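Here are the chains, one letter per residue:
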Amino acid sequence: MTTTAVPVPEAPLAAPSSGGGRLYWAVADTLTVTKRNLIAYTRLPEAVFFSSVQPVMFVLLFRYVFGGAIPTPGYHYVQFLMPGIFVQTVVFTSIGTSIGLAEDLQKGLIERFRALPMSRWAVLAGRTTADLCRSLFVMVLMTAVGYAVGYRIGTNVFEYLLGILLLLLFSYALSWGFAFIGLSAPNSETAQLMAFPILFPLVFASSAFVPLQSMPGWMQVWAKHQPVSIVVSAARDLMSGTPKPDLVFPPFTSIVSTGPTASTVLWAVVWSLGILAVLAPVSVRRYRRRAL
Amino acid sequence: MTLAIQLEDLRKTFAGEVRALDGVSFGVEPGTIFGLLGPNGAGKTTVVRILTTVLRADSGRAYVLGHDVMTEPVVVRTLIGLAGQNAAVDENLTGAENLWMVGRLNHMSRAHVSERSAQLLEQFSLADAANRPTKTYSGGMRRRLDVAASLVANPKVLFLDEPTTGLDPEGRADVWAMIESRVAEGTTVLLTTQYLEEADRLAEHLVVIDHGKVIASGTPASLKAGMGATVLDLGLADEPTALRAGEALKGVNEKAPAVYGRTVEVNVNDGPRVVTEALRILEAHGIVPTTLALREPSLDDVFLALTGKRTEVEEAEGLDGAPSSDGRRSRKRRSRSS
């Protein structure tokens, strides 16, 4: 190349990265991506509707089909069940993060984003924030469903709201983990399939639907210490109140209650923040480095 | 002087086995259109992705306006626009919302984004569809929106990876006009394409890559000139006859004739003499050609000679077993020479 060069003119409209630091743009970019994802949800009302039907079905199934056969010391079954269903619902909602990101990859949007001067965190932070909004929406809906099937707040409104906040924190942390799965899957269908083997032992081998004491000993060891059970216990404490030792439902059983301790809420918060602290940087690294 | 784009011995291997780039080097002058040609899987998209900071090279260096894409990716991203291989638009957003998103993520002000977006939607004949979700768009409309999105931030260097694939002739003309107007304003454009006609028409310089290596470079004219002054095209009744004719004509010129389906092509320097001689030889073998033409060599011929492959479109048709591929080739040529 020896020919003379045409000087490159200064593009007057070139993207100004002036004004505000990196943090400002990280937040601004995250809000842009969040808005983009929320707009997409409003364009897919069917998807949002049908993803809300499933948790309602679970409520009906456990409340009216299985519930009568499950003894729950210290609680009426509906009081025992609903915090568990809430946790299951927000956990399943967070799978949406992996599906959404797998779709973005498939459609070449991740390629476009990676070539833009935007924050490296924003694509994932925007997606997880939009999914957090979705979880909030589903929790409002589930609160109404709970009321309809006879669930009553066992503590007070403030603690119930704290419980919802805790669930949202947990689902937000899990979203970052599902972001990693979404960015590792070859397509969105596979992303969904990859999520289930991880979720099933967490959600169903837990204290969400049945008391731990009803499980065999080896299963109890897992079920007692895994994060979903801990979050369920904390949510149950905050929403339904601690168990009443004299109450056993159905009344003919006589399992002695070993009620959750007050520190469960703390442990649930620690678990959520721990998951977030580990998986968020791992997923962002995945976003930056994944081969396309 | 600073080149708009510069590659030095770029190498990239995927998943430890597929060698996508095997030492690619070239430079692009500012304010020009540069064409990157090659068959499917040659490494064109990998080059574009490395230059746009989407992928990292294993070794070698690449610069955009003097900025190293590996060590200064943030600066590079403020200078470039990319329209990738698949029309990367969010199908749940409207056309206007897609441009809004890309503009905002380029850190443009709201007012500026809406002004630019209106301008671009108008320019790409998408103004009427601006407020419709793009999932209702045709393939051509999506592709145009994708190219529009790459222009929102007025990039100094524009990367277009097969920008007209899937466009109808009208849409292709729109994109061509846009590319030319951008270059008139001083933008540098790197274009990959599977349409040789497009490279011929737009690009001032070309690089042909195959198996991750540069196998030819130059202006379209210089590449064509390397082919010999003229090409003699002979159409035969059927493929066996064509093969026999190819065999018979081996001595007519120093370059051996090439046989494609029912067509025999001979690259020649002195057309009239070879035509006379070729006809005499064929007559001696009892072969009568159905068509005969002398024409300027096209980039198709260059491509074919360099890679041993037809262009991707024609190859795909060939795989379908469509016998019309010869007809298609000559139709394209006729339309170009007219």
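All chains use their own residue numbering, which begins from 1 and follows the written sequence. A letter from A marks each chain and a number from 1 marks each ligand, given out in the order of writing. A pLDDT threshold of at least 70 governs which residues receive local features in this predicted model, and a stricter bar of 80 or more applies before side-chain atom pairs are shown or counted, although totals over entire chains, interfaces and linings include all residues.

## Focus on the nonpolar core
To define a nonpolar core, we join buried Ala, Val, Leu, Ile, Met, Phe, Trp, Tyr and Cys residues through C-beta atoms within 7 Å and take the resulting set. Here a residue counts as buried when 20 or more other C-beta atoms fall within 10 Å of its C-beta, as exposed when 12 or fewer do, and as partly exposed in between; the C-beta atoms come from the backbone. Ranked by internal contacts, the top residues of the largest apolar core, which has 153 residues, are A:Val87, A:Leu166, A:Val231, A:Ala235 and B:Ala148. Secondary structure elements are taken from DSSP: a helix is a run of H or I of four residues or more, a strand is a run of E of two residues or more, and numbering for both begins at the N terminus. When residues of this core are assigned to their parent elements, the largest contribution, 14 residues, is made by helix α7 (residues 157–184) of chain A. Here this core spans two domains, since at least three of its residues come from each of domain 1 (5–223) and domain 2 (227–337) of chain B. One finds B:Leu232, B:Ala245, B:Leu249 and B:Val266 within the second-largest nonpolar core, a separate group that totals 13 residues. An automatic or database domain assignment supplies the start and end points of every domain.

## Quick notes on the sheet that holds strand β12 (residues 258–260) of chain B
Residue and element names in this part refer to chain B. The four strands are arranged β12-β13-β11-β14 in an open sheet whose pairing can be described as antiparallel. Only two strands of the sheet have a single partner each, and these edge strands are β12 and β14 (291–295). When the angles between neighbouring strand axes are averaged without regard to direction, this sheet yields 20°. A residue pair is marked as a contact if its C-beta atoms, positioned from the backbone, fall within 7 Å. Only the stretch in contact is used when fitting a helix axis, every axis being a line fitted to C-alpha atoms; angles between N-to-C directions are given from 0 to 180 degrees. Set on the sheet, helix α9 (residues 239–248) makes contact with β11 (230–235), β12 and β13 (263–268); between it and β13 the angle comes to about 25°. By this definition, two strands are paired if DSSP reports at least two bridges between them.

## A look at the confidence of the model for chain B
Residue and element names in this part refer to chain B. A score from 0 to 100, pLDDT tells how confident the predictor is in each residue. In the predicted model, chain B carries a mean pLDDT of 83, and 89% of its residues have values of at least 70. Per-element mean pLDDT across chain B ranges from 36 in helix α13 (residues 325–337) up to 96 in helix α3 (residues 95–105). Confidence drops under a pLDDT of 50 for residues 312–338, and excluding neighbours within four residues, the segment shows 27 contacts in the predicted structure. Here the predicted complex scores 0.80 on pTM and 0.83 on ipTM.

## So, the sheet that holds strand β7 (residues 157–161) of chain B
Residue and element names in this part refer to chain B. The six strands are arranged β6-β7-β8-β3-β9-β10 in an open sheet whose pairing can be described as mixed. Lying at the two open borders of the sheet, with one neighbouring strand each, are β6 (80–83) and β10 (213–218). Ignoring strand direction, the axes of neighbouring strands in this sheet form an average angle of 15°. Pairing of strand β3 (residues 33–37) with strand β8 (residues 188–192), which is carried by four bridges, proceeds in the parallel orientation. Note that in β8 the partner of Gly 35 across the bridge is Leu 191.

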